[in-house]
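So the chains spell out like this:
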Amino acid sequence: MPRRREILLVAWREVRLLGRSRAAAGALALLVVVAWLPGILLALRSGALGLAPFTQTVPLQVALAGVVLPLLALLAGAELLAGELEDGSLIPLVTLPISRRACFAGKLVGRSSLLAAAYLVIFTAAGATTAIVRGSEGLRDWASVAGAGLLLSIAAAGVGVALGTAGRGRVRAFGTALVAWVVLVFGLDAALLTVVVASAPPPPPQVGEHGHGELQPPARAAASEDDPHARHAEPLKKRPARLSSALMALSPVSLFRLTAFAGSPALRPRLELVLPGSSTTGVVATLAMGWSLWLVLPLVHGLRRFLRLDLN
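A short tour of the structure in this document, coming up. As the structure is a prediction and not an experimental result, all values here were calculated from the model.

**A few points about the overall build of the protein**
- Along its length, the protein carries 13 helices and 0 strands.
- For the protein, the succession of helices and strands along the chain, N to C, is α-α-α-α-α-α-α-α-α-α-α-α-α.
- Across the 312 residues of the protein, 40% fall into the buried class.
- Restricting to contacts in the protein with at least 6 residues of sequence separation, those with at least 24 account for 82%.
- When the accessible surface of the protein is totalled, it reaches about 16,700 Å², and 66% of it is carbon and sulfur.

**Quick look at the packing of helix H3 (residues 54–87) against helix H6 (residues 139–164)**
- Two elements in contact, H3 and H6, have axes separated by 7 Å at closest approach and are oriented at 20°. For the element pair H3 / H6, the angle class is roughly parallel. Judged by the sense of rotation from one axis to the other, the crossing of H3 with H6 is right-handed.
- Partitioned by chemical class, the residues of the contact of H3 with H6 number 21 nonpolar, 8 polar and 1 charged.

**Re H3**
- Taken as a whole, H3 carries its principal kink of about 40° at Glu79.
- Directly beyond the C-terminal end of H3, a positive phi value near 80° is found at Gly88.

**Points about the pattern of salt bridges**
- With the rule as written, the count across this model stands at 9 salt bridges.
- In this structure, Lys107 and Glu84 form a salt bridge, with 2.4 Å as the shortest nitrogen-oxygen distance. Linking Lys107 in helix H5 (residues 100–134) with Glu84 in helix H3, this pair joins segments that are 23 residues apart in sequence. There is no split in this pair, since Lys107 and Glu84 are both buried.

**Examining the environment of Arg168**
- Its place among the elements puts Arg168 in the loop between H6 and helix H7 (170–199).
- On the basis of relative accessible area, Arg168 is assigned to the exposed category, the value being 59%.
- In this structure the C-alpha to C-alpha distance between Arg168 and Leu85, which are 83 residues apart in sequence, comes to 8.0 Å.

**Topic: a nonpolar patch on the surface**
- A surface patch of nonpolar side chains, about 600 Å² in accessible area, is lined by Val33, Leu37, Ile40, Leu41, Leu44, Leu49 and Leu60.
- Ranked by residue count, the leading element in the nonpolar patch is helix H2 (residues 22–45), at 5 residues.
- On the secondary structure map, Leu37 appears in helix H2.

Reading the values: rules and limits
- Residues numbered from 1 in each chain as written.
- Predicted model: local features only at pLDDT ≥ 70, side-chain atom pairs only at ≥ 80, totals over all residues.
- Heavy atoms only, no water.
- Helix = DSSP H or I, 4+ residues; strand = E, 2+ residues; numbered from the N terminus.
- Buried < 20%, exposed > 50% of the residue type's maximum accessible area, 1.4 Å probe, protein only.
- Contact = heavy atoms within 4.5 Å.
- Areas by Shrake-Rupley, 256 points an atom, 1.4 Å probe, with all protein chains shown as cover.
- Axes fitted to C-alpha atoms, helices over the stretch in contact; angles between N-to-C directions.
- Parallel < 35°, antiparallel > 145°, perpendicular 65-115°, else oblique.
- Left-handed = near helix turned anticlockwise from the far one by under 90°.
- Nonpolar A, V, L, I, M, F, W, Y, C, P; charged D, E, K, R; others polar.
- Bend = angle between axes of the 7 residues up to and from the residue.
- Salt bridge = Lys/Arg side-chain N within 4 Å of Asp/Glu carboxyl O.
- Patch = residues over 30% accessible without salt bridge, like charges linked within 9 Å, V, L, I, M, F, W, Y side chains within 5 Å.

This is the structure:
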């Protein structure tokens, strides 16, 4: 096992490299956009300057973070090793009395800690400013989305690190990361939606044959047992089985939305639309299993590839 001192030395080296990197400055700029843009845009839409309240910004925050954060994290993770492998600056480091495990862990700790700290500072500043200007209503919902976004960023960065250990240079690493972004953000969601549509039962054939009586609320329909329309409205009460919570563990973006919905009082009712009949225990188990897999397995795979990589 690598020694702690070796890991800290490599981590401090990584922090210094990031401090001089233009790519790191661009990443911080994108984080500022994700944290502040929803509030500014929605305020401008209403014809005012400033920030919109949390109750308005949370849905847009979910949509924006689910697209931008994976791309940013994938590129940052892919560049972790690909850049130095291309420049050859990693070879002198591994020739020192420092194991490859310590080198991998140190670079990972240095970059992830710095970017995570920047993420927390930027989002905390945005949240505190909005709370001061527009009040704290909806702050818990916003914080749930921000916390889920941090988990999504760490998981996507791990995937990027695994992709960047191929030793093929920055351009190929970034190209592979872009392909992975398309698959994670759009491809997996499309596949899961296909499963939902394919598994849903067809609608009752008698829908629409009995007038407006089918549309009456269930309480009123149950109150009149002799109403002939109530018998035909009964099939409409049964919602088709939709996406199971276990399938959502296959996509980090779906896990991000599930985490945001589960932790947000305002968004939690949407869970019934996505996972009808789901229990709290099932959702918590899905989150624990899904995040454990996405946070650990890509890094384990990346470490194995790095240990076998020929640096000569």
